Structures are given as structure tokens and as C-alpha cells.
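# Residue-level structural notes
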Amino acid sequence: MQIIRSVGELTDYVAMQKNHHHAIGFVPTMGALHAGHISLVERAVRDNEVTIVSVFVNPTQFNNPSDLATYPRQEEEDFRMLAEAGVSAVFAPTVSEMYPSGTAREHEYDLGSAAEVMEGKYRPGHFQGVAQVVHRLFELVRPDRAYFGEKDFQQIAVIRNMVESEHVDVEIIACPIRRGADGLALSSRNALLSEEQRRRAPGIYAALSESVEYARTHTVRQTHEMVVERINAIPEMRVEYYEIVDGRTLMPVEEWSESDFVVGCITVYNGEVRLIDNIRYK
Ligand code: PAF
């Protein structure tokens, strides 16, 4: 596996692959890799002749400086996992390599109304930062296919909107959430949980999955209340938002009959650690 640190080296590497007509699969990450990331990588390795993974903690998508400072980092371990999974090259630049003229955004992306709700509302600027880095990475890597995990359900919708508004020629592939044996969605942030918080964290998925059965005989509003109450009753847990939305537009639904694709998206503070998850009702 080639380890690439500079934009120049990456550009040359990609040009060489394009000359050989190799299909490029791309998995953008912020490192602190877990089995969820590796499942995206394995899919990319299966689908493409070449797989490139980026490992870059993007400062422009953090609206909270302490969240950026405490974001887990484990580069050596990440590289070992990627090499084992059959990755062709990893791109791990510094912040100044990615943003040579500074991190200020020169361009406001058109991300549609999907970027205004939920994460967009609670983390102002977050999706503009995600769009900025993913667009830059797409320009450099020029992938045929890019792979994203459905844990960040809203992020996928926003990236699809960015790809459309910026006319980027790439196929976006959404891959299912990977969970621990106890149901907790795998996330780099799980590493920040204390033993006690980690023990309670599966309560989020337990409430979500229970609510799918509950929803068969209850309204959207009742289902919403049940999930919020169940999770808020767990010590140290606080639901920041729970939204039951149309899976395409991400706009809230009030009746189950309003859409044939309904997803519940949740963010929960477990102590200081912010966890997200989602469940499909329809
Ligand atoms: O999902 C993530 O890890 C990040 O938002 C991404 C897509 C790598 C952009 O920094």
C-alpha cells in the first residue's frame, strides 16, 4: 500500500491509474478506523481495480473546537488495517497540504434543503465543511465510485446534492450501518466513551429497533415520544433531536402514509460524547 502525503504525489498516482484505465474506488475517512470503515473499503476493493482511502480530520466541518481537539487519532493502526484490507493507496495530508491558502471557504455550496435540517440545524456550517473537503478530495482522486456509510444518513443525501450541483462525475454508493453485537452503531467516537457510558450506549439502538414494532400501532408523534422518553430515561443520555423524516427529502413526516421511505434520525449526547444513529421504518 502506497502512503501519499502530498497533493502532487496523489495527482501523479491518479494520472497513472487513469492511463491504465483502472476504475478507482474511493473511501474518504477521518481515520480512527473501525469495522464499519473496513466494510466500505472491502466493498470498494471488490468493485474497483484500485482503491484509495483518505485519512484526514477535516477542521472545516467541526463547529466545536473541543470536538476537533478530542477527535480520536491513530494513524499507524489505521494504515495497518487498510493495508490488510487490500487498499492500493492511502492519502493522509496535513491541514496545510489540503488547504494551502487557509481553511476559509471561498465558495458556498448549494446543498439543498436536506442540509438545513437536523445536523444542519444543530451544527451550523458543518455540511459546508463536509462539502468543501469531499469536493476537493473528489477533484484530486477523480474516483469512479465513492463509498459512504449509512450511519451518516443525512451526510449521504447532502453529498449527493453537492455532486449534482457541482456536476461531479462520480457514483455515490451508500453502505449499511455496521453494529456491534449489542447493537451499538460503530463509530470512531465510541472510543471516547467511558466504560459505563459504553455499557449504556446500546440503549439507543434498543429504543430505535423497538420503535419499529411500536410504529405499527402508533402515530408518528407517539413513536417519536416513545423513543425520546426511553433514551432520556437512561442515565447520562440526552436526546438532542429525533426526527422521523422522508428518506429522500429528509423533511419531517407527520403521517406514516405520507411516504414509502421513512427513516428516524437521532443524535444523543452520552455524557459529553455526541452519537448519531438511524432506523428505517419503511
Ligand atoms: O464521514 C466522515 O468521516 C467525514 O464527514 C468525511 C466524509 C470523511 C469528510 O471529512
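Our subject is the structure listed above.
Now for a look at the structure at hand. Quick caveat: nothing in here was measured; it's all calculated off a predicted structure. (Residues numbered from 1 in each chain as written. Predicted model: local features only at pLDDT ≥ 70, side-chain atom pairs only at ≥ 80, totals over all residues. Heavy atoms only, no water.)

Attention shifts here to empty space enclosed by the protein. Remark: the empty space left among the atoms is shown by a probe the size of a water molecule rolled over them. Scanning all chains against the criterion turns up two cavities of 30 Å³ or more. Size it by volume and the largest cavity reaches roughly 850 Å³. Lining the largest cavity are 45 residues, with Met-30, Tyr-71, Lys-151, Asp-152 and Gln-155 sitting closest to its centre. Every element with two or more residues in the lining of the largest cavity is listed here: β2 (24–29), α2 (35–47), α7 (126–141), β5 (145–149), α8 (153–165), β8 (262–270) and β9 (273–280). No other element matches α7, which puts six residues into the lining of the largest cavity. (1 Å grid on protein atoms, 1.4 Å probe; cavity = no way out; pocket = protein on both sides within 12 Å on 5 of 7 lines; lining within 4 Å. Points joined across faces, edges and corners; volume = space filled by probe spheres on them. Helix = DSSP H or I, 4+ residues; strand = E, 2+ residues; numbered from the N terminus.)

Below, the discussion takes up the site of the ligand. Looking at the ligand, the residues that line it are Pro-28, Thr-29, Met-30, Asn-58, Gln-61, Val-133, Val-134, Phe-148 and Gln-155. The side chain of Gln-61 places a nitrogen or oxygen atom 2.6 Å from an oxygen atom of the ligand. Take Gln-155: an N or O atom from its side chain is 2.7 Å from an oxygen atom of the ligand. Protein chains shield 89% of the accessible area of the ligand, which is 290 Å² for the free molecule. Only β2 and α7 provide two or more residues apiece to the shell around the ligand. A per-class count over the shell around the ligand returns five nonpolar, four polar and no charged. (Near = heavy atom within 4 Å. Polar contact = N/O pair within 3.5 Å; in protein donor to acceptor, adjacent residues only side chain to side chain. Areas by Shrake-Rupley, 256 points an atom, 1.4 Å probe, with all protein chains shown as cover. Nonpolar A, V, L, I, M, F, W, Y, C, P; charged D, E, K, R; others polar.)

This part covers the pattern of salt bridges. Pairs can form between side chains of opposite charge whenever their charged atoms are close. For the structure on display, the rule yields 21 salt bridges. For the salt bridge of Asp-144 with Lys-18, the shortest nitrogen-to-oxygen distance reads 4.0 Å. In this pair, Asp-144 is assigned in the loop between α7 and β5 and Lys-18 in helix α1 (residues 7–19), connecting sequence segments 126 residues apart. By relative accessible area, Lys-18 is classed as partly exposed at 25%. A salt bridge links Arg-248 to Asp-260; the nearest nitrogen and oxygen atoms lie 3.0 Å apart. Here Arg-248, found in the loop between β7 (237–246) and β8, pairs with Asp-260, found in the loop between β7 and β8; they are twelve residues apart in sequence, far enough to count as distant. Of the residues examined, Arg-248 reaches a relative accessible area of 53% and is grouped as exposed. Exposure remark for Asp-260: the relative accessible area of 53% places this residue in the exposed category. Within the structure, one salt-bridge network assembled from shared partners comprises Asp-67, Glu-119, Arg-123, Arg-189, Glu-240 and Arg-274. (Salt bridge = Lys/Arg side-chain N within 4 Å of Asp/Glu carboxyl O. Buried < 20%, exposed > 50% of the residue type's maximum accessible area, 1.4 Å probe, protein only.)

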